[in-house]
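Results of the structural survey
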Amino acid sequence: MSTPPYSKAQRVFVIVDNGSAHRGKRSIDRLQGTWRNLILVHTPVHASWLNQAEIYFSIVQRKVLQPNDFADLDTLERQLLAFGRSYEQNARPFEWKFTRRDLNHVLDKLEPRQTPQQLTA
């Protein structure tokens, strides 16, 4: 945030999940208090499937880190960097299999929602 282009930007949006290091009002106050042009945006709670970073790290976990049998940290670093370069060249958009119908099915299993009229009664 202290170097261009971030330091020169009118606004910088930082999208984070609700992890303990950056959830809640204290994190917003701390980060936005430090950098006035930063706007912290939290993903919805229980929405890790929306988090592209988590999806990428789960791919790295499966394709690079398991099994964890690296001779040393330098070997691990080389493997991670090589995978990153390869992934940048070969990555394709994710084809989501979770449809609107699937979401509605999940929501139907939850307790019935109250209408606005029921909430004010």
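Since the model is a prediction, treat every value here as computed from it, not as a measurement.

1. Things to note about the overall build of the protein chain
- The secondary structure content of the protein chain amounts to five helices and two strands.
- Put simply, the protein chain runs from its N terminus to its C terminus through helices and strands in the order β-α-β-α-α-α-α.
- Here the contacts in the protein chain between residues at least 6 apart in sequence split such that 55% fall between residues at least 24 apart.
- In the structure as shown, the protein chain presents an accessible area of about 10,500 Å², 55% of it carried by carbon and sulfur atoms.

2. Things to note about the nonpolar core
- Among the nonpolar cores identified, the biggest contains six residues, and these are I55, I59, V60, V64, F83 and Y87.
- In contact with Y87, not counting residues within four places along its chain, are Y56, I59 and F94.

3. Section: the packing of aromatic side chains
- Per the stated rule, a full pass over the model turns up four aromatic pairs.
- A centroid spacing of 5.1 Å and a plane angle of 65 degrees characterise the contact between Y56 and Y87, whose relative ring orientation is edge-to-face. Here the residue Y56 occupies a position in helix α2 (residues 52-65), and Y87 occupies one in helix α3 (residues 73-90), the gap between them amounting to 31 residues.
- Take Y56: its relative accessible area is 26%, and that puts it in the partly exposed class.
- Three or more aromatic residues joined by ring pairs form one cluster here, namely Y56, F57, F83 and Y87.

4. Overview of the environment of E54
- Relative to the helices and strands, E54 is located in helix α2.
- Sequence separation between E54 and D17 is 37 residues, and the spatial gap between their C-alpha atoms is 9.5 Å.

5. Describing α2
- Between its terminal C-alpha atoms α2 stretches 18 Å, which fits the 20 Å expected from 14 residues at 1.5 Å a residue.
- The inward-facing, buried residues of α2 abut α3.

How each quantity is defined
- Note that residues are indexed from 1 along each chain, following the sequence as it is written.
- Confidence filtering applies because this is a predicted model: local features only for residues at pLDDT of at least 70, side-chain atom pairs given and counted only at 80 or more, and all residues used for totals across whole chains, interfaces and linings.
- For side-chain calculations, the full set of non-hydrogen atoms in the structure is used, while hydrogens and water are omitted.
- Helical segments are the DSSP runs of H or I of at least four residues, strand segments are the runs of E of at least two, and each set is numbered from the N terminus.
- Residues are treated as being in contact if the distance between any of their heavy atoms lies within 4.5 Å.
- Residue exposure ignores everything except the shown protein chains as possible cover, and the areas themselves are Shrake-Rupley values with a 1.4 Å probe.
- Here, nonpolar core refers to any group of buried Ala, Val, Leu, Ile, Met, Phe, Trp, Tyr and Cys residues whose side-chain atoms link them within 4.5 Å.
- Using a 1.4 Å probe on the protein chains alone, a residue whose accessible area is under 20% of its type maximum counts as buried, one over 50% counts as exposed, and one in between counts as partly exposed.
- Stacked, edge-to-face and tilted are the three classes for Phe, Tyr and Trp ring pairs, Trp counted by its six-membered ring, which pair at centre distances within 6.5 Å; planes under 30 degrees apart are stacked, over 60 edge-to-face, the rest tilted.
- Multiplying 1.5 Å by the helix residue count minus one yields the expected span of that helix.

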